[in-house]
Amino acid sequence: MRHASYDGARGCYIEAALDVIADKWKGVILYHLLDGSKRFNELKRTFPELSQRILTRQLRELENDGIISRKIYPEIPPKVEYSLTDLGKMLEPTLLSLESWGIKYIETTRYSQEHSVRKD
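These numbers were taken from a predicted model, which means no experiment stands behind them.

## Describing the pairing of strand E2 (residues 68–73)
In step 1: Relative to strand E3 (residues 79–84), E2 is paired through six bridges, and the arrangement is antiparallel. Each bridged residue has a counterpart across the sheet, and for Tyr-73 the counterpart in E3 is Lys-79.
In step 2: Between E2 and the antiparallel strand that follows it, E3, lie five residues.

## Brief notes about helix H2 (residues 26–33)
In step 1: Within the sequence span of H2, burial applies to Lys-26, Ile-29, Leu-30 and Leu-33. Down the axis, H2 shows its buried residues gathered within 95° of arc, on one side only.

## Details of unusual backbone geometry
In step 1: The omega torsion of the bond from Ile-76 to Pro-77 falls at -5°, within 30 degrees of zero and hence cis.
In step 2: As for its placement among the helices and strands, Pro-77 is situated in the loop between E2 and E3.

## What to know about the nonpolar core
The tendency in soluble globular proteins is for nonpolar side chains to be buried side by side.
In step 1: The biggest cluster of nonpolar side chains holds 19 residues, and the ones touching the most others in it are Ile-29, Leu-30, Leu-55, Leu-59, Ile-67, Ile-68 and Tyr-82.
In step 2: Counting residues per element, the ones that place at least two in this core are helix H1 (12–21), H2, helix H3 (40–46), helix H4 (52–64) and E3.
In step 3: Once residues within four sequence positions are removed from consideration, Ile-67 is found in contact with Val-20, Leu-30, Leu-62, Ser-83, Leu-84, Thr-85, Leu-87, Gly-88 and Leu-91.

Definitions and cut-offs
- Residues numbered from 1 in each chain as written.
- Predicted model: local features only at pLDDT ≥ 70, side-chain atom pairs only at ≥ 80, totals over all residues.
- Heavy atoms only, no water.
- Pairing = 2+ DSSP bridges.
- Helix = DSSP H or I, 4+ residues; strand = E, 2+ residues; numbered from the N terminus.
- Buried < 20%, exposed > 50% of the residue type's maximum accessible area, 1.4 Å probe, protein only.
- Arc of directions from axis to C-beta.
- Core = buried A, V, L, I, M, F, W, Y, C linked by side-chain atoms within 4.5 Å.
- Contact = heavy atoms within 4.5 Å.

Purely spatial values, then, with no claim about function.
Given below as structure tokens:
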């Protein structure tokens, strides 16, 4: 749940950042926008298990927070593209760092699981 304001207390800035990007799909949506604008259906195909309703909601929230922009082209059928704003582009090092950490986490936990001794 978002706060009306943040008071700068310890951890508050982390809370503010996580309020914006921490939903299940937002991070991966942002990650896929790092390499350029995407149409709604491109994003939908990238995440087939994600419902259209949830994708729409996540995109709207990111747009309302100023992280992505939506451009509507005046053609039929309407063409809509989503891209990172300057504020959203500032997340690139964070997203790439999370990707790197995720790789290490999966490798470490997979190795641990494969090499754990089972006691039956």
